[in-house]
Amino acid sequence: MKNLLNNYKGCLIAHLFFALIISLNTFGSSYIVNKEHSKLKFSIKYMALTDVEGQFDDYTIYFKKDENKITDLQGEIIVKSINTFDKKRDQHLKKNEFFNAESFPIIKFKNAEAIVLKDNKADAKLALTVKDKTKTVPVSLKYLGKRTDPWTNKDGIYFEGSFKINRFDFGINWSKNFDGGVVVGEEVIIKFTIEAYQSNDKPAFSRFYLPTNSVRRNVSLDAKTSGGALILPNGKITKNTTANVAPDSDYTEISNIVLTLVSTGILFVITIVFGIWGQAKLVNYLEEKGMSENVTLLLSTVIVTSFIVTCIYITSEYTGVGTHPLFNR
């Protein structure tokens, strides 16, 4: 029994160390796309000969990246921001015959599975929702690398990629026939180039800011995701007076860090206390069942360790890098 208690104390120390290491793990860094330096473009055949090209100007894309894996990708595109550089055509595209922007104002997408980069490339799958239709579409993605913003010293990461959809799959059915086929083609080619920065980072010359509700949040598309101060090369900060933005919040990076550290400490203590209490109960229970010292030690350690890992994983959004979920602007 004495040996078992000594081993038990050793296991508790191991639990503390193990939990501390895991609690400091960010479980992937949080990123938001800077649309000022990104492009979301599309093209479609017109009269079976030429291409009509356009882009969406207003969107928000959020994801988490851990080494070569991308998860928690969420994106929302404002349909009314469609821009084919022809106002009359854009108005037609917003009507019922195409996107029906009044009834379906947002195009949504998310990763259908974890995106794993191999040699900086990935064949991924997105769950794309246009109007009231959701389809899984294959996407080719290429990671271009990382660059440091020379004014703010913040690291941005860059991607490019493309995918194709059949517009009829999403209820965009308008068409007219002519002797060469259909006026507007069926296949739409979407190409994108992405610049993204970690949550809390804002590059120079950029108005973008990040949603702050939760690490696993739905992406916000109101004025809170953009606007705010502009960082100029001379270090001066000016206010964006042209955009219709929400009032400045009292959000600061320091307060976010403090809140994250407090949450980490509280969750860490709670997890360890429950781990110690749970293992003590398990040891007593298994001893009553007549199990040997080795089996009792091994089984209780596996169960308690699994509990600690699960708790830390569930609460990781409160202890990782990024905007704290409780920090509401």
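A. Structural detail: the overall build of the chain. Within the chain, the secondary structure is distributed over four helices and 16 strands. The 329 residues of the chain split such that 43% are buried. If you take every contact in the chain between residues at least 6 apart in sequence, the share linking residues at least 24 apart comes to 63%. Carbon and sulfur atoms form 57% of the exposed surface of the chain, whose accessible area is close to 18400 Å².

B. Local environment of the packing of aromatic side chains. Here the structure, examined in full by the defined rule, presents six aromatic pairs. When the ring of F63 is compared with that of F159, the centres are 6.0 Å apart and the planes differ by 90°; the resulting orientation is edge-to-face. With F63 in strand β4 (residues 59-66) and F159 in strand β11 (residues 155-166), the pair connects residues that are 96 residues apart, well separated along the chain. Residue F63 shares its accessibility class with F159, and that shared class is buried. Taking 5.1 Å as the distance between ring centres and 45° as the angle between the ring planes, the aromatic pair formed by Y143 and F159 counts as tilted. Of this pair, Y143 sits in strand β10 (residues 133-148) while F159 sits in strand β11, and the two are 16 residues apart along the sequence. Taken together, Y31, F63, Y143 and F159 form an aromatic cluster joined through their ring pairs. Its end group placed over the ring of Y143, K65 keeps NZ or CZ at 4.9 Å from the ring centre.

C. Representation of the side chain of R167 in the model. Checked against the element boundaries, R167 lands in the loop between β11 and β12 (177-178). Buried charge without a salt bridge: R167, with E186 as the nearest opposite-charge side chain at an N-O distance of 7.2 Å. Among the polar contacts made by the side chain of R167, one reaches the main-chain carbonyl oxygen of W174 at a distance of 2.8 Å. Polar contacts involving the side chain of R167 include one to the main-chain carbonyl oxygen of V184, which spans 3.1 Å.

D. Local environment of the nonpolar core. The biggest cluster of nonpolar side chains holds 46 residues, and the ones touching the most others in it are F63, F99, L128 and F159. The element contributing the most residues to this core is strand β14 (residues 184-198), with six residues. The contacts of F63, once residues within four sequence positions are left out, are S29, S30, Y31, V33, I70, T71, D72, L73, I157, F159 and A196.

E. Representation of unusual backbone geometry within the structure. Positioned with a positive phi, N120 is a non-glycine residue whose angle comes to about 65°. By secondary structure assignment, the location of N120 is in the loop between β8 (115-116) and β9 (121-130). Take N120: its relative accessible area is 38%, and that puts it in the partly exposed class. The phi torsion at N153 lies on the positive side, around 60°, for a residue other than glycine. The topology assignment puts N153 in the loop between β10 and β11. By relative accessible area, which is 60% here, N153 ends up exposed.

F. Expanded view of the confidence of the model for the chain. Considering every residue of the chain, the mean pLDDT works out to 77; 72% of them sit at 70 or more. Segment residues 16-26 is flagged for pLDDT under 50; beyond a separation of four residues in sequence, or across chains, it makes 17 contacts in the model. Low pLDDT (under 50) marks residues 209-251, which in the prediction has 101 contacts with non-local residues, meaning those over four places away or in another chain.

G. Spatial organisation of the pairing of β11. For β10 and β11, the ladder comprises eight bridges, and the chain directions are antiparallel. Counterpart to S140 in the pairing with β11 is S162. What sits between β10 and β11 in their antiparallel hairpin is a turn of six residues, with N153 showing a positive phi close to 60°. Two strands pair when backbone bridges link them, and β11 and β14 are joined in this way by eleven bridges, in the antiparallel orientation. In the sheet register, G161 faces β14, and the bridge partner there is F192.

H. Broad picture of the layout of surface pockets. Reported here for the largest pocket is a volume of approximately 880 Å³. Lining the largest pocket are 42 residues, and of these K41, F42, F56, V188 and I190 lie nearest its centre. No other element matches strand β2 (residues 39-46), which puts six residues into the lining of the largest pocket. Residue classes in the lining of the largest pocket are distributed as 36 nonpolar, two polar and four charged.

I. Focus on a nonpolar patch on the surface. A surface patch of nonpolar side chains, about 1000 Å² in accessible area, is lined by I254, I257, V258, L261, V262, I266, I270, F274, W277 and F307. Judged by its relative accessible area of 34%, F307 is partly exposed.

J. Looking closely at the pattern of salt bridges. Scanning the model with the defined rule gives three salt bridges in all. The partner of K45 in a salt bridge is D51, with the nearest N and O atoms 3.5 Å apart.

K. Local environment of the pairing of strand β1 (residues 29-33). For β1, a buried count of five out of five residues is recorded, marking the element as mostly surrounded by other parts of the structure. A two-sided burial pattern is seen for β1, the buried positions comprising S29, Y31 and V33 on one face and S30 and I32 on the other. Inspection of the sheet shows β1 paired to β4 by four bridges, in the antiparallel sense. When the sheet's bridge partners are listed, S30 is paired in β4 with K64. Across three bridges, β1 lies against β14 in antiparallel orientation. If you follow Y31 over to β14, its bridge partner there is Q198.

Conventions and cut-offs
- Residues numbered from 1 in each chain as written.
- Predicted model: local features only at pLDDT ≥ 70, side-chain atom pairs only at ≥ 80, totals over all residues.
- Heavy atoms only, no water.
- Helix = DSSP H or I, 4+ residues; strand = E, 2+ residues; numbered from the N terminus.
- Buried < 20%, exposed > 50% of the residue type's maximum accessible area, 1.4 Å probe, protein only.
- Contact = heavy atoms within 4.5 Å.
- Areas by Shrake-Rupley, 256 points an atom, 1.4 Å probe, with all protein chains shown as cover.
- Phe/Tyr/Trp six-rings, centres within 6.5 Å; stacked < 30°, edge-to-face > 60°.
- Lys NZ or Arg CZ within 6 Å of the ring centre and 35° of its normal.
- Lys, Arg positive; Asp, Glu negative; His and termini not counted.
- Salt bridge = Lys/Arg side-chain N within 4 Å of Asp/Glu carboxyl O.
- Polar contact = N/O pair within 3.5 Å; in protein donor to acceptor, adjacent residues only side chain to side chain.
- Core = buried A, V, L, I, M, F, W, Y, C linked by side-chain atoms within 4.5 Å.
- pLDDT = per-residue confidence, 0-100.
- Pairing = 2+ DSSP bridges.
- 1 Å grid on protein atoms, 1.4 Å probe; cavity = no way out; pocket = protein on both sides within 12 Å on 5 of 7 lines; lining within 4 Å.
- Points joined across faces, edges and corners; volume = space filled by probe spheres on them.
- Nonpolar A, V, L, I, M, F, W, Y, C, P; charged D, E, K, R; others polar.
- Patch = residues over 30% accessible without salt bridge, like charges linked within 9 Å, V, L, I, M, F, W, Y side chains within 5 Å.

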